[in-house]
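Architecture at a glance
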Amino acid sequence: RRELRPFGVQVSIIEPGGFRTAMTDPAPLVEGFARLWERLPAEAQAAYGRHYVDKYAQSATLLHRLSSSRLSLATDAVTRALLSRCPRSRYAAGWDAWLIFLPLSYCPAWLSDSI
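Below, the structure is looked at part by part. Everything quoted here is computed from the prediction, not taken from an experiment. (Residues numbered from 1 in each chain as written. Predicted model: local features only at pLDDT ≥ 70, side-chain atom pairs only at ≥ 80, totals over all residues. Heavy atoms only, no water.)

Here's the deal with the pairing of strand β2 (residues 90-93)
The side-chain alternation of β2 yields two buried faces, one formed by Arg90 and Ala92 and the other by Tyr91 and Ala93. Of the pairings in the sheet, the one linking strand β1 (residues 13-16) to β2 comprises 4 bridges and is parallel in character. Each bridged residue has a counterpart across the sheet, and for Glu15 the counterpart in β2 is Ala92. (Buried < 20%, exposed > 50% of the residue type's maximum accessible area, 1.4 Å probe, protein only. Helix = DSSP H or I, 4+ residues; strand = E, 2+ residues; numbered from the N terminus. Pairing = 2+ DSSP bridges.)

Points about the packing of aromatic side chains
For any two aromatic rings, the description comes down to two numbers: the centre-to-centre distance and the angle of the planes. Scanning the model with the defined rule gives 3 aromatic pairs in all. Relative to Tyr52, the ring of Phe33 lies with its centre 5.9 Å away and its plane at 40°, an arrangement referred to as tilted. Here the residue Phe33 occupies a position in helix α1 (residues 26-39), and Tyr52 occupies one in helix α3 (residues 50-66), the gap between them amounting to 19 residues. The partly exposed category is assigned to Tyr52, whose relative accessible area is 40%. (Phe/Tyr/Trp six-rings, centres within 6.5 Å; stacked < 30°, edge-to-face > 60°.)

Focus on the environment of Ala93
As for its position among the elements, Ala93 is in strand β2. For the pair formed by Ala93 and Cys107, sequence separation is 14 residues and the distance between their alpha carbons is 18 Å.

Examining a nonpolar patch on the surface
A cluster of nonpolar side chains, Leu62, Leu66, Trp95, Leu99 and Ile100, forms an exposed patch at the surface whose accessible area comes to about 550 Å². Within the residue set of the nonpolar patch, elements represented by two or more residues are α3 and α5 (95-105). Residue contributions to the nonpolar patch peak at 3 residues, all from α5. Counting through the fold element by element, Trp95 comes out in helix α5. Under the relative-accessibility criterion, Trp95 is labelled partly exposed at 48%. (Patch = residues over 30% accessible without salt bridge, like charges linked within 9 Å, V, L, I, M, F, W, Y side chains within 5 Å. Areas by Shrake-Rupley, 256 points an atom, 1.4 Å probe, with all protein chains shown as cover. Salt bridge = Lys/Arg side-chain N within 4 Å of Asp/Glu carboxyl O.)

Some points on the layout of surface pockets
Size it by volume and the largest pocket reaches roughly 240 Å³. If you go around the largest pocket, you meet 15 residues; those closest to its centre are Arg88, Ser89, Arg90, Leu104 and Ser105. Looking at the lining of the largest pocket, the elements that each hand over two or more residues are β2, α5 and α6 (109-114). Sort the elements by how many residues they give to the lining of the largest pocket and α5 lands first, with 5 residues. Approximately 180 Å³ is the volume found for the second largest pocket. The wall of the second largest pocket is formed by Gly18, Thr24, Leu29, Tyr56, Ser59, Ala60, Leu63, His64, Leu66, Ser67, Trp95 and Asp96. Secondary-structure elements contributing two or more residues to the lining of the second largest pocket are α3 and α5. The biggest single contributor to the lining of the second largest pocket is α3, with 6 residues. Each residue belonging to the lining of the second largest pocket can be placed in one class, and the counts come to 6 nonpolar, 5 polar and 1 charged. (1 Å grid on protein atoms, 1.4 Å probe; cavity = no way out; pocket = protein on both sides within 12 Å on 5 of 7 lines; lining within 4 Å. Points joined across faces, edges and corners; volume = space filled by probe spheres on them. Nonpolar A, V, L, I, M, F, W, Y, C, P; charged D, E, K, R; others polar.)

As C-alpha cells, then:
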C-alpha cells in the first residue's frame, strides 16, 4: 500500500475474518496435513509428537465452526472500498475481524501498520 502511494495509486486493504469456504473446510486440510505427516522422517515425527496433528485437526475444525457463512460481508466491504469517494485504508469484514481490527481502525494508518 505504501509502496504504490508515490505513483498515485491508493490501495485499500480488505481484512476479512473467517468465512466458510472450500478453502477452509477442515476435512481436506486435515487429510492433507496427515499425508504430509506420514511422509516426515521418524525423528521429525518424534520431535513434534502425534498430539501436534491432533491439535491441528481440532483447531481447523473449531475455526471452521466459528467462521461466518455470510460471504456478502466480504463482498460488501470490497464494494464499499471500490465505490467510496474517499476510501479508507482498511476495511474489516466479519464479526471476528471487527473484534480484532476495530481498535486498529481508530489508529492512524502508520501506527496500525507498525503494530
